[in-house]
Amino acid sequence: MNTEVLKIKDPQRELNGSKPVTRSESFVKRWRRTAVTRCLKGETISTPRRRHSRSEDKYESDVQMLGDSCDKLPILHILALNALDLSAPASDILVKEKGPCEARRRIWIQLSGHPGSLTPAGPGTLWKRLHDCNESEMYEKLMKDSAVGIVPKFYRKLEFKGELFVEIRDLLYDFCDPYVLDIKMGTRTFLESEVSNNVARKDLYLKMKALDPSAPTPEEEKELAVTKLRYMTFREELSSTCEFGFRVEAMKLRGQPVSDLKKVRTKNELTQTFDRFFNGNPKIRRKMLERILDIRRQFENSSFFKSHEVVGSSILMIHDECKVGAWIIDFGKTRKLPDGVGVTHRNPWKPGNHEEGYLFGLDNLIDVVRSACPKK
């Protein structure tokens, strides 16, 4: 599919148009423009200091407008936590975190993924840097599919300073200081093309030994080498991916991100993690369960998902005191199935069958969410 790429020279003029602006609006727009440019480079941005040449009232008006913008738009600080070092990188998630009250300042934390992959675009939208141009094609197809309601809204593909982005809905926009959970779905989070080389490698053997000295087989010990498929499968087995078809990739509770997720592997550990995420609120848990059930129903009825393998994708769960939401995100490794090939999304994967276990994982995810809900 050919995608028209919109070239952007000035992101804020593109977003706000050419209408006349007041001095305060111009002040905020100049600051936003700097914020967008620096965020794309993964740099930290601070709120502007007082300019003594400006009147007190004018400065306070600008700060108020800037504070309102900070609630929705600019990234003031990016912090990459150590996510699970597995075969698929964690999702690019930005989470609002309350900071000092100076100028209603907000700190944004990138829970996991690659720093600088996301930057605010306009009210309620984000630019996501494309690591694989295939992702924009997948979003375009999904916008025409029956399952459009379970994925972020896609607006356009664009180019800025020589780099490609997609503009998508900021799923956190309507939430206040939310709890966020990123769940990597499937029993396989690597493409078959990534493990097609059967040459045994010593470097992968050494990595395996460093993680688990008893993992190599006698034959592998003799050769002092393992194939990439063997290593990738071994890495998946370290988490709940192989057994349950999903793993908890990143989590942010109110006021704090959680980084001890490498230990989450058994069903009991998964249930305890969801208990923390729901914060003991049975109403939130019931609403989230309803949403996940709806995602499964729409996934099963979707012509898009029937004709694609969905690898390395996540379900993003969000809730605050009032609202609950969940969406399927990340389609960089989603591929159209070859002609004549079908998948159940539940059967075990064997090289060549393109099964990835997405619905198998979703079934187990629903079971764990149900287990976390108090029985009445």
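Structure's up top.
(A) How the structure looks around the pattern of salt bridges. For the structure on display, the rule yields 24 salt bridges. The shortest N-O distance in the salt bridge between E167 and R156 comes to 2.7 Å. Taken together, the positions of E167 in strand β7 (residues 163-169) and R156 in strand β6 (residues 154-160) put the pair 11 residues apart, joining distant regions of the chain. You'll find E167 and R156 in the same group, each marked buried. Here D363 ties to R296 by a salt bridge, and the two come within 2.9 Å at their closest N and O atoms. Separated by 67 residues along the polypeptide, D363 in helix α12 (residues 358-372) and R296 in helix α10 (residues 282-301) bring together distant segments of the chain. Look at the salt bridges and you will find they share partners, linking D177, K252, R254 and E321 into a network.

(B) Examining the sheet that holds strand β8 (residues 179-185) more closely. If you walk across this open sheet you meet the five strands as β10-β9-β8-β12-β13, and the pairing is antiparallel. Of all the strands in the sheet, just β10 (256-258) and β13 (324-329) have a single pairing partner and so form its edges. For this sheet, the mean inter-axis angle between neighbouring strands, taken without regard to orientation, is 15°. Summarising the sheet, β8 and strand β9 (residues 246-253) pair through six bridges and their orientation is antiparallel. Counterpart to L181 in the pairing with β9 is M251. Against the sheet, α10 engages β12 (314-319) and β13, with an angle of about 30° to β13.

(C) Quick peek at the packing of aromatic side chains. In total, this model carries 11 aromatic pairs according to the counting rule given. Arranged with centres 5.8 Å apart and planes meeting at 10°, the rings of Y139 and F154 form a pair that is stacked. Taken together, the residues Y139 in helix α4 (residues 134-142) and F154 in strand β6 connect sequence positions 15 residues apart. Assigned by exposure class, Y139 and F154 land together as buried. With 6.1 Å between their ring centres and 40° between their planes, F274 and F278 make a pair best called tilted. Here F274 and its partner F278 are both found in helix α9 (residues 267-278), four residues apart, which amounts to about one turn of the helix. Comparing F274 with F278, the two get one shared label, buried. Against the face of F175 rests K323, its NZ or CZ located 5.7 Å from the ring centre.

(D) Focus on α10. Taking 1.5 Å as the rise per residue, α10 with 20 residues should run 28 Å; its terminal C-alpha atoms sit 29 Å apart, in good agreement. Those residues of α10 that are buried are in contact with α9, α11 (303-306), β11 (308-311), β12, β13 and α12.

(E) Geometry of the pairing of β8. Of all the seven residues making up β8, seven are buried; the element is thus mostly covered by neighbouring parts of the structure. Because side chains alternate across β8, one face comprises the buried residues Y179, L181, I183 and M185, and the other comprises V180, D182 and K184, equally buried.

(F) Structural view of the side chain of K333. Turning to its location among the elements, K333 is positioned in strand β14 (residues 333-336). Engagement of the side chain of K333 in a polar contact is seen with the backbone oxygen of T189, the distance being 3.5 Å.

Rules and cut-offs
- Residues numbered from 1 in each chain as written.
- Predicted model: local features only at pLDDT ≥ 70, side-chain atom pairs only at ≥ 80, totals over all residues.
- Heavy atoms only, no water.
- Salt bridge = Lys/Arg side-chain N within 4 Å of Asp/Glu carboxyl O.
- Helix = DSSP H or I, 4+ residues; strand = E, 2+ residues; numbered from the N terminus.
- Buried < 20%, exposed > 50% of the residue type's maximum accessible area, 1.4 Å probe, protein only.
- Pairing = 2+ DSSP bridges.
- Axes fitted to C-alpha atoms, helices over the stretch in contact; angles between N-to-C directions.
- Contact = heavy atoms within 4.5 Å.
- Phe/Tyr/Trp six-rings, centres within 6.5 Å; stacked < 30°, edge-to-face > 60°.
- Lys NZ or Arg CZ within 6 Å of the ring centre and 35° of its normal.
- Expected span 1.5 Å × (residues − 1).
- Polar contact = N/O pair within 3.5 Å; in protein donor to acceptor, adjacent residues only side chain to side chain.

Function cannot be read off these values alone, since they describe shape.
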